[in-house]
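Residues per chain, in single letters:
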Amino acid sequence: ETGVTQSPTHLIKTRGQQVTLRCSSQSGHNTVSWYQQALGQGPQFIFQYYREEENGRGNFPPRFSGLQFPNYSSELNVNALELDDSALYLCASSSANSVAGARGEQYFGPGTRLTVT
Amino acid sequence: SQQGEEDPQALSIQEGENATMNCSYKTSINNLQWYRQNSGRGLVHLILIRSNEREKHSGRLRVTLDTSKKSSSLLITASRAADTASYFCAPGKITGNQFYFGTGTSLTVIP
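Being a predicted model, the structure only gives us computed values, none of them experimental. The numbering scheme is per chain: residues are counted from 1 as the chain's sequence reads. The lettering of chains begins at A and the numbering of ligands begins at 1, in the order of writing. Reporting of local features is limited, given that this is a predicted model, to residues whose pLDDT is at least 70; pairs of side-chain atoms are given and counted only at 80 or more, and all residues count toward the totals for whole chains, interfaces and linings. The basis for every side-chain value is the complete set of heavy atoms in the structure, and neither hydrogens nor water enter the calculation.

Chemist: Any chance you could explain the overall build of chain B here in plain terms?
Modeler: For the purposes of this entry, the term helix denotes a DSSP run of H or I that reaches at least four residues, the term strand denotes a run of E that reaches at least two, and both are numbered from the N terminus. What chain B contains, in helices and strands, is 0 helices and 10 strands. Mapped in sequence order, the helices and strands of chain B form the string β-β-β-β-β-β-β-β-β-β. What you see for chain B is a C-alpha radius of gyration of 13 Å, in line with the 13 Å of a compact globule of 111 residues. Overall, chain B is about 40 × 25 × 20 Å in size when its C-alpha atoms are taken along their principal axes. Considering chain B as a whole, with its 111 residues, one finds that 45% of them fall into the buried category. Partitioning the intrachain contacts of chain B with sequence separation of at least 6 by distance along the chain shows that 57% fall at a separation of at least 24. Computed by Shrake-Rupley with a 1.4 Å probe, the accessible areas treat only the displayed protein chains as cover when residues are assessed. Carbon and sulfur atoms make up 46% of the accessible area of chain B, which amounts to about 5,000 Å² in all. Each radius of gyration reported is based on C-alpha atoms, and the globular scaling rule is 2.2 Å times the count of residues to the power 0.38. Type-normalised accessible area, obtained with a 1.4 Å probe on protein chains alone, sets the label of each residue: buried when under 20%, exposed when over 50%, and partly exposed for intermediate values. What makes two residues a contact is simply this: any of their non-hydrogen atoms within 4.5 Å.

Take a look at the structure:
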């Protein structure tokens, strides 16, 4: 167990709806990264938060947004859900000394399986 | 790109045999990490090798890094059925800690 938790475990939504996924990072970690993993693919980087600010973003549209709270937990919000958003969503926490980011390992949560119908 | 690309895509071996998987990348790195994923669950960190290291061991794992060829390999010795999983490499940028994973190597160890 990594100490990173995600909720919910599974979620079913309808196209067009909005969803919020949650992540609690490992104690002492100040950086959270979110990834989307479609079936049979590797995780795709969505964005990273460091000390409550977005610190890098992958190739995802603005309807993917996030928040990081003072306790370093994080939310991923997806608006106007599309069928292709069906995937496993992973968060990973790590520790960084600056906005340049950590250079050590990331600790992944178990993921949230989102199904869009 | 910063993406790591694993090879082969799939590997099937008998229990007790060694498994070797490779990773290639295109940009300068600070470190390279290997992760394992079981059955669509979260990724588990296996080993980190820094850009100034050439080889690193951890239990039955051996990782090599050749920065001149921009490649790394992961060797799992004396494989077990429990090693069945997907394996991903993650090249770490000079700055930041944002990983761009490839599609991974799917390893099946047959008892």
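Chemist: Sorry, what's going on with the confidence of the model for chain B here?
Modeler: Regions with low pLDDT carry predicted coordinates that are not meant to be interpreted in detail. Summary of the metric used: pLDDT quantifies the predictor's per-residue confidence within the range 0 to 100. Per-residue confidence for chain B gives a mean pLDDT of 91, with 95% of residues at or over 70. Averaged pLDDT values for the elements of chain B fall to 91 in strand β1 (residues 5-7) of chain B and rise to 98 in strand β7 (residues 61-66) of chain B.

Chemist: Looking at this structure, I do not really get the interface of chain B and chain A. What am I missing?
Modeler: Often, the extent of an interface is quoted as the loss of accessible area on bringing the components together. Contacts between chain B and chain A engage 23 residues on the former and 27 residues on the latter. The term buried area refers to how much accessible surface (probe radius 1.4 Å) is lost by two components on association, counted for both of them together. Taken together, both faces of the contact between chain B and chain A bury some 1,900 Å²; the carbon and sulfur share is 47%. Think of a polar contact as two N or O atoms within 3.5 Å of one another; within protein, one of them needs to be a possible hydrogen donor and the other a possible acceptor, and neighboring residues in sequence only count if both atoms come from side chains. Counting across the chain B and chain A interface gives 3 residue pairs in polar contact (both at pLDDT 80 or more). Of all the elements in the fold, those that place two or more residues in the side of chain B that touches chain A are β4 (31-37) and β5 (43-50) of chain B. Note that Gly is not counted as nonpolar here; it falls among the polar residues with everything else outside the nonpolar set of Ala, Val, Leu, Ile, Met, Phe, Trp, Tyr, Cys and Pro and the charged set of Asp, Glu, Lys and Arg. Taken together, the residues of the side of chain B that touches chain A sort by class into 8 nonpolar, 13 polar and 2 charged.

Chemist: Honestly, the environment of Gln6 of chain A in this entry has me stumped. Any pointers?
Modeler: Residues and elements named next belong to chain A. Note that Gln6 resides in strand β1 (residues 5-7). In this structure the C-alpha to C-alpha distance between Gln6 and Ser24, which are 18 residues apart in sequence, comes to 6.4 Å. Filtering out sequence-adjacent residues up to four positions away, Gln6 remains in contact with Arg22, Cys23, Trp34, Tyr89, Leu90, Cys91, Gly109, Pro110, Gly111 and Thr112. At 3.0 Å, the side chain of Gln6 forms a polar contact with the backbone oxygen of Tyr89. Among the polar contacts listed, one links the side chain of Gln6 to the backbone nitrogen of Gly111, at a separation of 2.9 Å.

Chemist: Quick question: what am I supposed to make of the side chain of Asn30 of chain B here?
Modeler: When you line up the elements, Asn30 of chain B lands in the loop between β3 (19-24) and β4. On the accessibility criterion, Asn30 of chain B (16% relative accessible area) is buried.

Chemist: Teacher, can you tell me more about the sheet that holds β7 of chain B here?
Modeler: Hydrogen bonding along the main chain pairs the strands of a sheet, whether they run parallel or antiparallel. Residue and element names in this part refer to chain B. In this scheme, strands are said to pair when DSSP sees at least two bridges between them. Strand order in the open sheet made by the 5 strands is β1-β3-β8-β7-β6, with antiparallel pairing throughout. The two strands at the open ends of the sheet, each matched to only one other strand, are β1 and β6 (55-58). In this sheet, neighbouring strand axes are inclined to one another by 20° on average, regardless of whether the strands run parallel or antiparallel. In the sheet, β3 pairs with strand β8 (residues 71-76) via 6 bridges, with the strands oriented antiparallel. Its bridge partner lying in β8, Ala19 is registered against Ile76. Axis definition: a line fit to C-alpha positions, over the contact stretch in the case of helices; interaxial angles, taken between N-to-C directions, run 0 to 180 degrees.

Chemist: So what exactly am I meant to see when it comes to unusual backbone geometry here?
Modeler: Excluding glycine, a negative phi dihedral is what most residues carry, and trans is how most peptide bonds are arranged. Here Ser7 of chain A and Pro8 of chain A are connected by a cis peptide whose omega angle stands at -10°. Within the secondary structure, Pro8 of chain A is located in the loop between β1 and β2 (10-13). The amide bond that connects Asp7 of chain B to the next residue, Pro8 of chain B, takes the cis arrangement and shows omega of 0°. Here Pro8 of chain B is to be found in the loop between β1 and β2 (10-14). For Ala80 of chain A, which is not a glycine, the phi torsion comes out positive at approximately 45°. In this structure, Ala80 of chain A sits in the loop between β8 (74-78) and β9 (87-94). Under the relative-accessibility criterion, Ala80 of chain A is labelled partly exposed at 41%.

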